[in-house]
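What follows is each chain in one-letter form.
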Amino acid sequence: MDITDLTLIELRDALRAGATSSFVATQAMIDRIVTYDNALCSYLNLTDQDALQQASDADSRLADGEELPLLGVPIAVKDIICTSGVETTAGSKILEGFIPPYDAFVVEKLKEAGAVILGKTNTDEFAMGSSTENSAYVTTHNPWDVSRVPGGSSGGSAAAVAARLAYGALGTDTGGSVRQPASFCGVVGLRPTYGRVSRWGVIAFASSLDQVGTFGRNVADCTALFQVITGHDRRDSTSLDVPYENFEAVLTGDVAGLRVGIPQEYFIAGIEPEVEAAVRTAIDKLAELGAEIVEISLPHTEYALPVYYLIAPAEASANLARYDGVRYGPRLKADDMIATVKKTRSLFGAEPKRRIMLGTYALSAGYYDAYYGRALKARTLIKNDFKRAFEQVDVIATPTSPTTAFKIGAKVDDPLSMYLSDIFTLSLNLSASCGLSLPCGFDSNGLPIGLQLIGDTLQEATILNAAYAYEQATDWHERAPVLPESSSEQ
Ligand code: GLN
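Sequence order as written defines the numbering, with residues in each chain counted from 1. Selection of residues for local features in this predicted model requires a pLDDT of at least 70, selection of side-chain atom pairs for listing and counting requires 80 or more, and totals for whole chains, interfaces and linings are taken over all residues. Side-chain metrics rest on all non-hydrogen atoms present in the structure, leaving aside hydrogens and water.

Here's how the labels work: a residue is buried when its accessible area is under 20% of the maximum for its type, exposed when over 50%, partly exposed in between, all with a 1.4 Å probe on protein chains only. Secondary structure follows DSSP: runs of H or I at least 4 residues long count as helices, runs of E at least 2 residues long count as strands, and numbering of each begins at the N terminus. Counted residue by residue, strand β3 (residues 116–121) has 6 buried out of 6 residues, so it is predominantly covered. Sheet topology note: the strand β1 (residues 43–46)/β3 ladder contains 3 bridges and is antiparallel. Bridging from a neighbouring strand, N45 pairs with K120 of β3. A pair of strands is considered paired only if DSSP assigns at least 2 bridges between the two.

Attention shifts here to the pairing of strand β4 (residues 169–172). Going residue by residue along β4, you find A169 and G171 tucked away on one face and L170 and T172 tucked away on the opposite face as well. Note: strand β2 (residues 74–78) against β4, 2 bridges, orientation parallel. The residue of β4 that forms the bridge with V77 is L170. Two elements, β4 and strand β6 (residues 212–216), share 4 bridges in a ladder whose sense is antiparallel. Across the sheet, G171 pairs through a bridge with G213, a residue of β6.

Next up on the list: the site of the ligand. Residues in close proximity to the ligand total 15 residues, the closest being G175, S177, Y308, R355 and D422. Pairing of N or O atoms within 3.5 Å defines a polar contact, subject to two protein rules: one partner must be a possible hydrogen donor and the other a possible acceptor, and residues neighboring in sequence count only if both atoms are side-chain atoms. At 3.2 Å from an oxygen atom of the ligand is found a main-chain nitrogen or oxygen belonging to G176. With respect to the ligand, the side chain of S177 contributes an N or O atom lying 2.7 Å from an oxygen atom. Here the ligand has 290 Å² of accessible area as a free molecule, and 100% of this is covered by the chains. Polar here means any residue other than Ala, Val, Leu, Ile, Met, Phe, Trp, Tyr, Cys and Pro, which are nonpolar, and Asp, Glu, Lys and Arg, which are charged; Gly is therefore polar. Taken together, the residues of the shell around the ligand break down into 5 nonpolar, 7 polar and 3 charged. Whether a residue is near a molecule or strand depends on its heavy atoms: it is near if one of them lies within 4 Å of it. The method behind every accessible area is Shrake-Rupley, applied with a 1.4 Å probe, and residues are considered shielded solely by the protein chains displayed.

On to the confidence of the model for the protein, then. Per residue, pLDDT captures the predictor's confidence, and it can take any value from 0 to 100. Summary statistics for the protein give a mean pLDDT of 96 and a share of 99% for residues scoring 70 or more. Confidence scores differ between elements of the protein, with helix α13 (residues 415–419) showing the lowest mean pLDDT of 89 and β2 the highest of 99.

Moving on: the environment of Q452. In this fold, Q452 is placed in strand β11 (residues 448–455). Under the relative-accessibility criterion, Q452 is labelled buried at 0%. Taking C-alpha positions, Q452 is 4.4 Å from S437, a pair spaced 15 residues apart along the chain. A polar contact of 2.8 Å, which involves the side chain of Q452, links it to the backbone oxygen of F424.

Within 6.5 Å between ring centres, the rings of Phe, Tyr and Trp (the latter by its six-membered ring) count as paired, and their orientation is classed by plane angle as stacked under 30 degrees, edge-to-face over 60, tilted in between. Scanning all chains against the criterion turns up 18 aromatic pairs. With centroids separated by 5.2 Å and ring planes inclined at 40 degrees, the aromatic side chains of Y102 and W200 adopt a geometry described as tilted. Taken together, the residues Y102 in the loop between β2 and α4 (105–112) and W200 in the loop between β5 (188–191) and β6 connect sequence positions 98 residues apart. By relative accessible area, which is 33% here, Y102 ends up partly exposed. Given the relative accessible area of 28%, W200 is considered partly exposed. Clustering of aromatic rings is evident, with ring pairs tying together F98, F126, Y323, Y328 and F348. Charge-over-ring contacts are defined here by two conditions on Lys NZ or Arg CZ: a distance within 6 Å of the ring centre and an angle within 35 degrees of the ring normal. Sitting over the face of the ring of F267, R280 holds its NZ or CZ atom 4.1 Å from the ring centroid.

Below you can see the structure in the form of structure tokens.
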């Protein structure tokens, strides 16, 4: 069997059993990336020499009988997460050449767990987008159809995992950027509860919404990776200090009596019929497995998109003020300081510029109450919708995105239609919930469809186990895309 076909858990077990080595697995992944990633462009930066060194170190430790959770397992990291000594661009020209002097908390955790870091994956600029087309460097292609987008903004990570170019990957999810690309690429993507994972060292987009999430080819892989990045961190004031939970141990597959809510507001006009049909069939499957299906309402859902597009740009406009050519990345020198700052800030792409303007406007004197202030109030209503719903049900099931992967170029000139791709994922970020996407079928073009499961605050265990139960009863996650070998086929 091809070693790159093993799941993360299978590789971890094979390494522990001494059946293979981390060096062999890492070299095999690198070879595969060299062969296939010209056509996919999932990586921005392959750190192959470091990875092979880390793999050799892991092999010595494995030989000494060490049993760290990810010892020797090659993982990819979204390029918005700081890696010490390795360029971190957030997909932006304004951070080209920026080499962080420290690792993000989640990278520290990966290293403590013994993981091998393969490289940095592509992202929409500052994670603003739903297709990776807003990356200042390259557009990632969907492994199931290279004429289509992989979703975004963590599209590089999702595509890499789907294409077996990493055993797992980290992403970030501010409005759907883990779940939507997971859905488009046919992998499992988890967005934990806000505060569950430290944001220390994650380049900020919208600070009240950002959260690191994990990708795996199946639920167990996604869970194993999630497990290692949890834990309290004093350096992020929003990091929650909650008791340790063993998430791998909760994957029993038993969902008897689980109450699954179906929000009527999520089955709306505009959703592709094949997506709706697959999601409804998945819900029937959960019922067959013993779950109780309950019709629910999240009445303020229609406000999620406008509220998100006031709050996220407002926070982004503040966060992105720090890129002035003085402290990070390139400096485009001009006659005086103001001219230098202006010139340097012209390195932002169209989408960050759009959001900085939108956010600055929403926060400006005279408009603050009308826009930002009202958005905060509406956010509370959305939060309360979820609070009430979780008094009735344990899990909420919805489509992850209204469509399957769209064609590259189809939405770049129409920001609103791009924004609508996250219509089902945004609400959760505005509330205090957690959520995941897992494969629940394919459309007639052979493109994956995602089922979103939403859980109450800190109830990751519940959604992971519900997803695991569904996955055990289906085989969508076992399908693999057939990849084109060279960039000439793009
Ligand atoms: N697509 C959404 C946006 O463009 C969400 C992005 C994200 O979650 N980082 O803002």
